[in-house]
Amino acid sequence: MSETPDDERLEELREQKLQELQDQAQGQGQGDAEAQQAAQEQAERQQEALLKQYLTDGARQRLNAVEMSKPDFAAQVKQQVTSLARSGRVNGRIDEDQMKELLRELQPDQKSFDIRRR
């Protein structure tokens, strides 16, 4: 998907602000924890904004359902979608079917048990 110059500039500003917050966090001794938390919150807001931009309502609902049962896995999926969006490899918006496929791809291998009745 071809981003508009405004989207690109907005993303650059977000990354610059995040970098400034991280630099401030490293430079301060006492306010280190507060600055890290502020940087973390800023990163989460940026991630949520990207997810809203690139996921349809159905895909977001599916991801939220996964998050309720497997929060670690959902965080991994969110990170993957965010990195795909930032690198420009997302064409259009991700719908529910594409989200299902992404979840299948990222899901760790599961052991399957075949139970046969005699």
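The protein chain is annotated in an unreviewed UniProt entry as DNA-binding protein ACFQFD_11175 of Halobaculum halobium. UniProt annotates the protein chain under Sequence similarities (unreviewed entry) with the comment "Belongs to the PDCD5 family."

### Here we look at the overall build of the protein chain
Within the protein chain, the secondary structure is distributed over 5 helices and 0 strands. N-terminal to C-terminal, the α/β element order of the protein chain is α-α-α-α-α. The burial tally for the protein chain puts 27% of its 118 residues in the buried class. Restricting the contact set of the protein chain to residue pairs at least 6 apart, pairs at least 24 apart contribute 70%. Here the protein chain displays about 8900 Å² of accessible surface, and carbon together with sulfur accounts for 44% of that area.

### A short note on the pattern of salt bridges
Following the criterion strictly, the structure yields 8 salt bridges and no others. Ionic pairing is found between Lys 78 and Glu 67, a salt bridge with its closest N-O pair at 3.2 Å. You can see Lys 78 sitting in helix α4 (residues 71–86) and its partner Glu 67 sitting in helix α3 (residues 57–69), a full 11 residues away along the chain. Assessed through its relative accessible area of 9%, Lys 78 is described here as buried.

### What to know about the nonpolar core
If you look at the biggest cluster of nonpolar residues, it comprises 19 residues, and the most contacted ones within it are Leu 55, Val 77, Val 81 and Met 99. Contributions of two or more residues to this core are made by α2 (32–54), α3, α4 and α5 (96–106). With 6 residues, α4 is the single largest residue contributor to this core. Beyond its immediate sequence surroundings of up to four residues, Val 81 is in contact with Leu 51, Leu 55, Ile 94, Met 99 and Leu 102.

### Some words on α3
Between its first and last C-alpha atoms α3 spans 19 Å; for 13 residues at 1.5 Å apiece the expected length is 18 Å, and the two agree. Three or more residues of α3 are buried, namely Gly 58, Ala 59, Leu 63 and Val 66. Seen from one end, α3 has its buried residues packed into an arc of 135°, which puts them on one side. Facing away from the buried side of α3 by over 90 degrees, the exposed positions are Asp 57, Gln 61 and Met 68.

### A look at the packing of α4 against α5
Contact pair α4 / α5: the axes reach a minimum separation of 11 Å and the direction vectors enclose 115°. Put simply, α4 runs roughly perpendicular to α5. Once α4 is placed against α5, the crossing between them reads as right-handed. Between α4 and α5, the contacting residues are Phe 73, Gln 76, Val 77, Gln 80 and Val 81 on the first element and Met 99, Leu 102, Leu 103 and Leu 106 on the second. Partitioned by chemical class, the residues of the contact of α4 with α5 number 7 nonpolar, 2 polar and no charged.

Calculation criteria
Residues numbered from 1 in each chain as written. Predicted model: local features only at pLDDT ≥ 70, side-chain atom pairs only at ≥ 80, totals over all residues. Heavy atoms only, no water. UniProt positions renumbered as here; feature names shortened; annotations may be inferred. Helix = DSSP H or I, 4+ residues; strand = E, 2+ residues; numbered from the N terminus. Buried < 20%, exposed > 50% of the residue type's maximum accessible area, 1.4 Å probe, protein only. Contact = heavy atoms within 4.5 Å. Areas by Shrake-Rupley, 256 points an atom, 1.4 Å probe, with all protein chains shown as cover. Salt bridge = Lys/Arg side-chain N within 4 Å of Asp/Glu carboxyl O. Core = buried A, V, L, I, M, F, W, Y, C linked by side-chain atoms within 4.5 Å. Expected span 1.5 Å × (residues − 1). Arc of directions from axis to C-beta. Axes fitted to C-alpha atoms, helices over the stretch in contact; angles between N-to-C directions. Parallel < 35°, antiparallel > 145°, perpendicular 65-115°, else oblique. Left-handed = near helix turned anticlockwise from the far one by under 90°. Nonpolar A, V, L, I, M, F, W, Y, C, P; charged D, E, K, R; others polar.

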